Amino acid sequence: MPAYVGIVYFLVVTVALHIMGPAAGSAQLNVATQLGLVANKDIARALSSTATLDEIEQPQVAEDLTVFRSRQTVLGESFVRTYQAIFNLSVPLVLMVIAALTSPLTLLLIPACIPAIWVGVKGEKMREHAENELAPHQVRMNTMAEAVQGKSAATELRIYGATQWYIDKYRHTTQLWAAPTTRANLTITWLTALTTALYFAVGAGLIWSTAHNGNLSATTVTLMTVMQLSGLLSGIRFAYADLSKARRAYKRFTTITQLEDNAEPTSNSPQRQHTSDGIIASLHNVSYRYPAEKSYALEDITVDFPANSLVSIVGSNGSGKSTLAMLLRGVRNPTEGKITRPLRAYSNNHLNLAGIPQQPARWELRAYETATLPQQGSKAPLNNEQQALEASGATEVINSLKDKGQTPLGESWENPTQLSGGQWQRLGNARGLLGTDTAALTVIDEPTSALDALAEEKMVRSCRQIVEDSTNNGSVILITHRLSSALASDYIVMLDKGKIVATGRPRELLTTQNPFSKLADLPGEF
Ligand SMILES: Nc1ncnc2c1ncn2[C@@H]1O[C@H](COP(=O)(O)OP(=O)(O)OP(=O)(O)O)[C@@H](O)[C@H]1O
């Protein structure tokens, strides 16, 4: 072989890396961005499904959601890495061919790679197995770690003089629980070291044999190929590990989305259904405590919500209004007591439960998608899209944007369009108003800060319209801080410190002595 082969080799590598590097980089960015968008939509669908927040707040699921929420998702990154590994594979393959032409013995490097690749795959499986064993102990481990780090439990430990005992026990127990992971990591380290040593031994043997024959270009080419392939080997291992982690995270994540898939299909027929006793929802001794909280946000609530009515829930800040709204929407489940819903068709299906949370999420999608997200996730399209967009004021917002409904919103995009708090709120409100025509219950947690007075008045009028147009004898429950909104409703429920302090028709409440009539005498808001 002529001596210039080594020079050609360097030139090929250098030119290939310089041309392919930037191309690979921009392709990776594209892949990551696309995957980020897909992930955003997946989360959106999952969250507009019937899953309760209590479920979503489970630590493991919350962690997965965080992963999926980030633009460069784990999935995206692993795709990028795999892509990069496959892309980069072409360079060493070309080199392998040149190297094989220079010195056929170089082909021995291929079988030498196989044990290293096998260890990469096997190691990942071992890690997954160990992780599965650890998972049931994860929550207890976190609790113990928190206690050691000094949350409220640590105070008790100090009072009992038991801190050292706890730390020893903690260390021992976590060592026991973490043993499979430690063992797996140790085995993987040894196996990786052994297979890498084997690979380099074969490589060194090849380099020695070409140098021994005095073939300078073959030595150079072999040396370069050994180094290139070793870099590629770790690339493949990392790519496989990432992909495997992403697959596990995705599996857990789909446990949320499956809830949506399992939801029973509903008929979208506008037939009018009737309640047996004029009640749309009854709460019986309902109490609610947020996960990880000690005190109750709602205590022993018993109340009937009338059908085909506009009901206002009033009360001071922190009295439990939003919590009650979430229970009524089936977003959270009561900790104690139960909620009964007399309508037969009125399950926890989003076609029968519509509503607007206090702070709708800011989905960074295209404007139309943001305003109509439940349509993207729902199997049966909702009929009242146009009315929902009009009543919420979303149409005005969309029409004011440069590319109308196609305008990309928020930070996730290259040339983002920023909206004001009120504009985001209107798009969110449109989502909540989808399906109100057939909903048995529409729960609107009125935003006090983001909407101006006119928009709020429009909202109250829309609420009345929803009750009148309902094909399902439906009621609207409006959480409000405004006296005028409460007085415009058919029924008022007043809360204070998580308990009901007054219920009744506005007229009745105003003409008797009760906490509501006392507040109504004061000017302004509650
Ligand atoms: N996600 C949460 N985790 C823990 N505690 C919460 C959570 N959300 C609300 N709380 C607590 O529950 C209680 C009731 O809150 P809630 O938001 O229902 O009141 P609210 O009447 O709607 O208040 P506001 O008028 O300010 O919106 C408060 O003490 C609040 O701190």
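Small disclaimer: the values here were computed from a predicted structure and weren't measured.

Quick word on the pattern of salt bridges
Proximity of charged atoms lets side chains of opposite charge pair with each other.
Okay, so step 1: In total, this model carries four salt bridges according to the counting rule given.
Okay, so step 2: One salt bridge in this structure joins Arg-127 and Glu-124, with 3.0 Å as the shortest N-O distance. Taken together, the residues span about one helical turn, with Arg-127 and Glu-124 both in helix H5 (residues 109–134) at a distance of three residues.
Okay, so step 3: Overall, Glu-124 belongs to the buried group, its relative accessible area being 2%.
Okay, so step 4: A salt bridge links Asp-403 to Lys-402; the shortest N-O distance between them is 3.8 Å.
Okay, so step 5: Taking relative accessible area as the criterion, Lys-402 reaches 75% and is therefore assigned exposed.

Things to note about the site of the ligand
Okay, so step 1: Around the ligand, the surrounding shell holds 13 residues, and the nearest of these are Asn-317, Gly-318, Lys-321, Ser-322 and Thr-323.
Okay, so step 2: Within the side chain of Asn-317, a nitrogen or oxygen atom sits 2.8 Å from an oxygen atom of the ligand.
Okay, so step 3: One nitrogen or oxygen atom from the main chain of Gly-318 is found 2.9 Å from an oxygen atom belonging to the ligand.
Okay, so step 4: Burial of the ligand by the protein chains amounts to 63% of its free accessible area of 640 Å².

Details of the sheet that holds strand E8 (residues 491–496)
Okay, so step 1: Read from one edge to the other, the open sheet built from six strands follows the order E5-E6-E7-E3-E8-E9, with strand pairing classed as mixed. Each edge of the open sheet is held by one strand with a lone partner, namely strand E5 (353–356) and strand E9 (499–504). The mean angle between the axes of side-by-side strands here comes to 15°, regardless of whether they run parallel or antiparallel.
Okay, so step 2: Both E8 and E9 contribute to a ladder of five bridges, which runs antiparallel. In the strand pairing of E9, Leu-495 is matched with Ile-500.
Okay, so step 3: Lying over the sheet, helix H15 (residues 421–433) contacts E5 and strand E6 (441–445), oriented at roughly 170° with respect to E5.

What counts, and at which threshold
Residues numbered from 1 in each chain as written. Predicted model: local features only at pLDDT ≥ 70, side-chain atom pairs only at ≥ 80, totals over all residues. Heavy atoms only, no water. Salt bridge = Lys/Arg side-chain N within 4 Å of Asp/Glu carboxyl O. Helix = DSSP H or I, 4+ residues; strand = E, 2+ residues; numbered from the N terminus. Buried < 20%, exposed > 50% of the residue type's maximum accessible area, 1.4 Å probe, protein only. Near = heavy atom within 4 Å. Polar contact = N/O pair within 3.5 Å; in protein donor to acceptor, adjacent residues only side chain to side chain. Areas by Shrake-Rupley, 256 points an atom, 1.4 Å probe, with all protein chains shown as cover. Pairing = 2+ DSSP bridges. Axes fitted to C-alpha atoms, helices over the stretch in contact; angles between N-to-C directions. Contact = heavy atoms within 4.5 Å.

Everything listed here is a matter of geometry and, on its own, says nothing about what the molecule does.
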